Amino acid sequence: MRTIYENYRGFKISKQESTYNAIQADGIVFSRWQLSQVLDTVDNYVEVMENSLSEDPQTDFPLN
């Protein structure tokens, strides 16, 4: 296994044989055939998580 990025948006990116892996300390793992695909997956995941944390929970309910 060869490390590509030690800390890419909180993930360790490595290559093992013909697969690229992104591993987070929480145990979240993404595996893809191309480096660009695994980086895109990490980017999308981080953006979704940031958006879900930044939403105001009070705006989910209608105001009467």
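Further up the page is the structure itself.
Because the structure is predicted, anything quoted here is derived from the model rather than measured. (Residues numbered from 1 in each chain as written. Predicted model: local features only at pLDDT ≥ 70, side-chain atom pairs only at ≥ 80, totals over all residues. Heavy atoms only, no water.)

A. Structural detail: the overall build of the protein. Helix and strand counts for the protein come out as one helix and four strands. Taken from N to C terminus, the helices and strands of the protein fall in the order β-β-β-β-α. Sorting the 64 residues of the protein into buried and exposed places 23% on the buried side. The contacts in the protein between residues at least 6 apart in sequence include a share of 21% that link residues at least 24 apart. (Helix = DSSP H or I, 4+ residues; strand = E, 2+ residues; numbered from the N terminus. Buried < 20%, exposed > 50% of the residue type's maximum accessible area, 1.4 Å probe, protein only. Contact = heavy atoms within 4.5 Å.)

B. Main features of the pattern of salt bridges. On inspection of all chains with the given rule, the structure shows one salt bridge. Arg 9 is the salt-bridge partner of Asp 43, the closest N and O atoms lying 3.1 Å from each other. Of this pair, Asp 43 sits in helix α1 (residues 35–54) while Arg 9 sits in the loop between β1 (2–8) and β2 (11–16), and the two are 34 residues apart along the sequence. (Salt bridge = Lys/Arg side-chain N within 4 Å of Asp/Glu carboxyl O.)

C. Structural detail: the nonpolar core. Counting residues in each nonpolar core, the largest one holds 10 residues, listed as Tyr 8, Phe 11, Ile 13, Tyr 20, Ala 22, Phe 30, Val 38, Leu 39, Val 42 and Val 46. Those elements that provide at least two residues to this core are β2, β3 (19–24) and α1. For this core, the element with the most residues is α1, which contributes four residues. With residues up to four places along the chain from it excluded, the contact list for Tyr 20 reads Ile 4, Ser 14, Lys 15, Phe 30, Ser 31, Arg 32, Trp 33, Gln 34, Leu 35 and Val 38. (Core = buried A, V, L, I, M, F, W, Y, C linked by side-chain atoms within 4.5 Å.)

D. Focus on the side chain of Ser 14. With respect to the helices and strands, the residue Ser 14 is situated in strand β2. On the accessibility criterion, Ser 14 (1% relative accessible area) is buried. Those residues in contact with Ser 14 that lie beyond four places of it in its chain are Met 1, Arg 2, Thr 3, Ile 4, Thr 19, Tyr 20 and Asn 21.

E. Summary view of unusual backbone geometry. Unlike most non-glycine residues, Arg 9 shows phi in positive territory, near 55°. You can call Arg 9 partly exposed: its relative accessible area is 35%. Backbone geometry at Glu 17 places phi at a positive 55°, although glycine is not the residue there. Tracing the sequence through the fold places Glu 17 in the loop between β2 and β3. In this structure Glu 17 comes out as exposed when scored by relative accessible area, which is 75%.

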